[in-house]
Amino acid sequence: MSKYNIIDSLKNHRSLLESFFSLSILNGLNILLPLISLPYILRIVGAANYGAYSYVYVLIQYLLLITSYGFNYSATKQISQNRNNPKKVNNIYNSIIACRFMLLGISIVLFWILSPLLLKTDVDKIMFLMGIGMVIGDILNPSWLFQGMEKMRYMTVVNIISKLVFTILIFFFIRRASDYMYIIVFNSCGFLLSGLSSTFIAKKQFKIHFSIPNMNDIKFQFKEGIELFASTIGINFYANINVFILKFFVNDTILGIYSAAEKIIIGLKLLSSPISQSLFPHMGYKFMNQSLKNSLLQLKRATKPFALLLLIISALTFVFSEVLIRLLGGKEYVEGNILIRIMSSTILLGGLNSLLGFSGLVNLNYQKDFLKGIFLAGITCIIFLLIFLPHGGVQIAAWASVLSESILLCVILFSFYKINLKNR
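Parameters at a glance
Residues numbered from 1 in each chain as written. Predicted model: local features only at pLDDT ≥ 70, side-chain atom pairs only at ≥ 80, totals over all residues. Heavy atoms only, no water. Helix = DSSP H or I, 4+ residues; strand = E, 2+ residues; numbered from the N terminus. Buried < 20%, exposed > 50% of the residue type's maximum accessible area, 1.4 Å probe, protein only. Contact = heavy atoms within 4.5 Å. Core = buried A, V, L, I, M, F, W, Y, C linked by side-chain atoms within 4.5 Å. Phe/Tyr/Trp six-rings, centres within 6.5 Å; stacked < 30°, edge-to-face > 60°. Lys NZ or Arg CZ within 6 Å of the ring centre and 35° of its normal.

Q: Before we go on, may I ask you to explain the overall build of the protein in this structure?
A: Secondary structure assignment for the protein yields 17 helices and 0 strands. Looking at the 424 residues of the protein, the share that counts as buried comes to 54%. For the protein, the share of sequence-separated contacts (at least 6 apart) that also reach a separation of at least 24 residues comes to 85%.

If you want it as C-alpha cells, here you go:
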C-alpha cells in the first residue's frame, strides 16, 4: 500500500480511530486509577467491610441498569444514523433524558419497598441512599450521544474527571476500617461532577437545547429500547447476580474476597473494551449502507484479531493470578487467586459476546436472537448457583460466570450460522 493510500485510509476512518484512542485513554485510566486506589481500599477497610460495600454497590448497579434501559445502544444507534440532523439529535437527547428520570423515580420507589428484604442494616440503607447520586450523575452523562457522534474524546474527558475525583477523595478521607461506608459517597461525587460536565459539553459542542419532549417521543424511545433493555438487563443481571446471591450464603469476608477477584477481572476486561465500544456505532453506520454479506464479512475481519488479543489477556491473567491478587489485595485476599484463574476465561468469552452480540446482532437487527441467548445464560446461571452454591462454596460463583458466558457465546454463534444459511 502506498503512502497516499495509507493517508486516505486513515482519513476515511478518522472517527473510528478517534473513538478507539479516546476509549483507550479512558480505559487505561479506568485500569490505572483502581490500581492506585483499590489496594489502598482493600487494605484499609478489610475484606468484611469491602464485602458489605460491594453488596450495596451491586444494588446501585441494578438501579443504573434500570435507568439505562436499552438507551446506551438504541440511542447510540439513533444518534449515529441521524448525526447530520441537529433537530433530530436534539429531540433524541431530550426524550432519552426524560425517560431516564422517569425510570429513576419508579426504581427508587420499587427498591425502597423491597428494602426490608434487600437492606438488612441501617448502614446498608444509608449507603444505598448515598449511592443514588451515582444514578443521577449517570443520567446526566449522555455517553450515548458522544458515542453516536463518534466524538469519544468528550466522554473520555468527563469520565476522567469522575475517576480522578473519586481517587483523590479516597486517599484524603478513607483512613480507618469504619470509613468504608463513605466509599459510595465518593463514587456519587465523581458521577455527579461527570454528569454536570457532560451536560455542559452537550449544550456547548452539539448545540443541545433543553426542552420537554412530548409523550409520543417518550413512548417511541421506550418502545425502541425495550428489546435492548431486556438484553442489557439480562447480561448485567447475571454479571452482578453472583455477589447478590453470595450475600445469602457466605459471610462478608468471603464476599469481599470474591468481590476483589471479580473487580480485578473486570479491570482486565477493560483492556479490550475500547475496540468493541468504538466498533458499535461505526458498524451501525456502515451496516446501514451496505449489503448483509459485506456486513458479515466486515464483522468477521474485525473478530479474528480481537479474539487473539482476548486470548492473550486471558492466558496472562491465568498465569499471573497470584501475583495480581497479592499485589492488589494483599495476604488477606490471597484465596482469590483460584477465583481469578477460574474467571480468566470470561475475558475471552465476554469480549466476544460484546463484539458479536452488540456490534454484530444488534446492528444487523437480530437483537431478538441476542436476547434469547442472554435469558438462557442468565437463567442457567441462577439455577446453577442455587443448586451448587450451598454445597460447593465460593468457587461455584466463579464457575457460574464461565458457564453463563459460554452459553451466550454458543447461542450467538448459532444465530450467525442461521443468518448465513438464510443468505446463501
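Still more ground to cover, so stick around.
Q: I tried to follow the nonpolar core on my own but got confused; where do I start?
A: Inside soluble globular proteins, nonpolar side chains tend to come together where they are buried. Within the largest apolar cluster, 93 residues are counted, with the highest numbers of intra-cluster contacts made by Phe 128, Ile 183, Leu 385 and Phe 416. Residue contributions to this core peak at 18 residues, all from helix α2 (residues 14-68). In contact with Phe 416, not counting residues within four places along its chain, are Leu 296, Leu 299, Leu 356, Gly 360, Leu 361 and Leu 364. The next biggest cluster of nonpolar side chains, apart from the first, holds 26 residues, and it includes Ile 79, Ile 97, Tyr 154 and Phe 206.

Q: Please clarify how the packing of aromatic side chains should be interpreted in this entry.
A: Aromatic ring pairs are defined here through the distance separating the ring centres and the angle between the ring planes. Per the stated rule, a full pass over the model turns up 17 aromatic pairs. Ring centres of Phe 111 and Phe 128 lie 5.7 Å apart, and the angle between their planes is 15°; on these two criteria the pair is classed as stacked. Remark: Phe 128 occurs in helix α5 (residues 122-140) and Phe 111 occurs in helix α4 (residues 86-118); sequence separation between them is 17 residues. The burial state of Phe 111 is the same as that of Phe 128; both residues are buried. Pairing Phe 146 with Phe 206 gives two aromatic rings, centres 6.0 Å apart and planes at 35°, and the pair type is tilted. You can see Phe 146 sitting in helix α6 (residues 143-148) and its partner Phe 206 sitting in the loop between α8 (183-205) and α9 (215-246), a full 60 residues away along the chain. The residues Phe 146 and Phe 206 share a single accessibility class, namely buried. Among the aromatic side chains, those forming a connected cluster through ring pairs are Tyr 55, Tyr 62, Phe 244 and Phe 248. The ring of Tyr 55 carries the charged tip of Lys 247 above its face, separated from the ring centre by 5.1 Å. The ring of Phe 318 has Arg 341 lying over it, and the distance from NZ or CZ to the ring centre is 4.9 Å.

Q: Would you take a moment to explain the side chain of Gln 221 for this structure?
A: Relative to the elements of secondary structure, Gln 221 occurs in helix α9. The exposure class of Gln 221 is buried, given its relative accessible area of 2%. Setting aside residues no more than four positions away along its own chain, Gln 221 makes contact with Tyr 69, Phe 71, Gln 78, Ile 92, Ser 95, Ile 96 and Cys 99.

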